[in-house]
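What follows is the residue order along each chain.
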Amino acid sequence: MFDTVVIATDGSGSAERAVEAALDLAARFDATVHGLYVVDTGEVETTPEEVREALERALATTGGRALSFILEAADAEADEELVTAVREGDPADEICMYAAEHDADVIVSGTRGRHGEHGFLLGSVAEELVREAPMPVLTVRQLEGEPNPEREDV
């Protein structure tokens, strides 16, 4: 039923739960897993120029950590084939394009990431994926009371 699973991650707490769910799904169907992090160029472009370079470094670090989490979690499962990738652009658009390019059967995403005005509800990227993706999208919410490190310092 599922041959290719794309995990869209931003490194948030709900994305970590989505990784666990996606790896479990992939293991059940012996599917290939693609971990994808998208550097939001819109966020970078709207940042004041004097801090833009620091933001780009921070986003690259976050992406590296997010993909490392997937690699470590997949290593614990050790059954799935795993591919990781970093893209730049609008996150929802890039995730949809990547999933289509790799003939994904499902996209798995957390629902409460770090960005967007609707982040307190579903998450602007997750919401757009659900509306726009040409394949099914499995959203995994962050549990009540579960820490979200990205929001603790806000």
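Residues numbered from 1 in each chain as written. Predicted model: local features only at pLDDT ≥ 70, side-chain atom pairs only at ≥ 80, totals over all residues. Heavy atoms only, no water.

An unreviewed UniProt entry annotates the protein as Universal stress protein originating from Haloarcula amylolytica JCM 13557. According to the UniProt record, the Sequence similarities (unreviewed entry) comment for the protein is "Belongs to the universal stress protein A family." (UniProt positions renumbered as here; feature names shortened; annotations may be inferred.)

A. Fine view of the side chain of Thr4. Following the sequence through the fold, Thr4 ends up in strand β1 (residues 4-9). Ignoring anything within four residues of it in the chain, the contact list for Thr4 reads Ala31, Thr32, His34, His102, Asp103, Ala104, Asp105 and Val106. (Helix = DSSP H or I, 4+ residues; strand = E, 2+ residues; numbered from the N terminus. Contact = heavy atoms within 4.5 Å.)

B. The side chain of Glu94, seen in detail. Checked against the element boundaries, Glu94 lands in helix α4 (residues 91-101). Its relative accessible area of 13% is what places Glu94 among the buried residues. Among the polar contacts made by the side chain of Glu94, one reaches the side chain of Arg87 at a distance of 3.4 Å. Ignoring any residue separated from it by four or fewer positions in sequence, one finds Glu94 in contact with Leu36, Val38, Arg87, Glu88 and Gly89. (Buried < 20%, exposed > 50% of the residue type's maximum accessible area, 1.4 Å probe, protein only. Polar contact = N/O pair within 3.5 Å; in protein donor to acceptor, adjacent residues only side chain to side chain.)

C. Spatial organisation of the pattern of salt bridges. With the rule as written, the count across this model stands at five salt bridges. As a salt-bridge pair, Arg57 and Glu53 come within 3.1 Å of each other at their nearest N and O atoms. A residue pair is termed a helical-turn pair when its members lie 3 or 4 positions apart in one helix, as Arg57 and Glu53 do in helix α3 (residues 49-77) at four residues. Exposure remark for Glu53: the relative accessible area of 55% places this residue in the exposed category. (Salt bridge = Lys/Arg side-chain N within 4 Å of Asp/Glu carboxyl O.)

D. A look at the nonpolar core. If you look at the biggest cluster of nonpolar residues, it comprises 24 residues, and the most contacted ones within it are Val5, Ile7, Val19, Leu23, Tyr37, Leu59 and Val108. Of all elements in the fold, only β1, α1 (13-29), β2 (32-40), α3 and β4 (106-110) reach the threshold of two or more residues within this core. Ranked by residue count, the leading element in this core is α3, at seven residues. Residues contacting Val19, with those up to four places away along its chain left out, are Ile7, Phe69, Ile70 and Ala73. (Core = buried A, V, L, I, M, F, W, Y, C linked by side-chain atoms within 4.5 Å.)

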